[in-house]
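For reference, the chains in residue letters:
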Amino acid sequence: MTTQNAAPQRRPDHPTWWRIPLVASALGLPVLALEYSAIRAQAGMGQYGAALYWALALFAAAWAVPHRRTFRTFRILAGGAALAITLLPVTLLLVLGVMLAD
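Residues numbered from 1 in each chain as written. Predicted model: local features only at pLDDT ≥ 70, side-chain atom pairs only at ≥ 80, totals over all residues. Heavy atoms only, no water.

**Overview of the overall build of the protein**
Here comes step 1: From N to C terminus, the protein includes three helices and zero strands.
Here comes step 2: Helices and strands in the protein line up, N terminus first, as α-α-α.
Here comes step 3: Taken over C-alpha atoms, the radius of gyration comes to 20 Å for the protein, far larger than the 13 Å a tight globule of 102 residues would show.
Here comes step 4: Based on the C-alpha atoms only, the size of the protein along its principal axes is roughly 80 × 30 × 15 Å.
Here comes step 5: When the 102 residues of the protein are sorted by exposure, 24% land in the buried category.
Here comes step 6: Taking as baseline every contact in the protein between residues at least 6 positions apart, the subset at least 24 positions apart corresponds to 66%.
Here comes step 7: Approximately 7500 Å² of the protein is accessible, and the part contributed by carbon and sulfur atoms is 69%. (Helix = DSSP H or I, 4+ residues; strand = E, 2+ residues; numbered from the N terminus. Rg over C-alpha atoms; globule rule 2.2 N^0.38 Å. Buried < 20%, exposed > 50% of the residue type's maximum accessible area, 1.4 Å probe, protein only. Contact = heavy atoms within 4.5 Å. Areas by Shrake-Rupley, 256 points an atom, 1.4 Å probe, with all protein chains shown as cover.)

Here it is in structure tokens:
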């Protein structure tokens, strides 16, 4: 008589799970900190503060999801969305500065 193991098999961790959150965080978190300090220096956060908090939450989600290969797409989307939310205002300001300089 053979017995079967009822415990589910645990999938191995993805060996390079940390690359995507690291690149997104290295590029986005310094800019996010700059934006946060600039906004806090003004009267209040307003609706732009919600975007900063969403970006921070997405950076945290990119790091916090399980380290399996099946979550790689979510990790890419969370890191990319956080980076886009963080860099979009700075990019728009730079474009506006270039347009007004001419």
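Now that the structure is up, let's keep going.
**Observations concerning the side chain of Arg 75**
Here comes step 1: Summarising the element assignment, Arg 75 is placed in helix H3 (residues 72–101).
Here comes step 2: Buried charge without a salt bridge: Arg 75, with Asp 13 as the nearest opposite-charge side chain at an N-O distance of 8.2 Å.
Here comes step 3: In contact with Arg 75, other than residues within four places in its own chain, are Trp 17, Ile 20, Pro 21, Ala 62, Val 65, Pro 66, His 67 and Arg 68. (Lys, Arg positive; Asp, Glu negative; His and termini not counted. Salt bridge = Lys/Arg side-chain N within 4 Å of Asp/Glu carboxyl O.)

**What to know about the packing of helix H1 (residues 19–41) against H3**
Here comes step 1: Two elements in contact, H1 and H3, have axes separated by 9 Å at closest approach and are oriented at 25°. As the angle between them shows, H1 and H3 are arranged roughly parallel. Classified by chirality, the crossing of H3 by H1 is left-handed. For the pair formed by H1 and H3, the contact residues are Ile 20, Pro 21, Ala 24, Leu 27, Gly 28, Val 31, Leu 32 and Glu 35 on the first element and Arg 72, Arg 75, Ile 76, Gly 79, Leu 83, Thr 86, Leu 87, Pro 89 and Val 90 on the second. (Axes fitted to C-alpha atoms, helices over the stretch in contact; angles between N-to-C directions. Parallel < 35°, antiparallel > 145°, perpendicular 65-115°, else oblique. Left-handed = near helix turned anticlockwise from the far one by under 90°.)

**A look at the confidence of the model for the protein**
Here comes step 1: For the protein, mean pLDDT is 88; residues scoring 70 or higher make up 93% of the total.
Here comes step 2: Per-residue pLDDT, averaged within each element of the protein, yields its smallest value for helix H2 (residues 46–64) (91) and its largest for H3 (94). (pLDDT = per-residue confidence, 0-100.)

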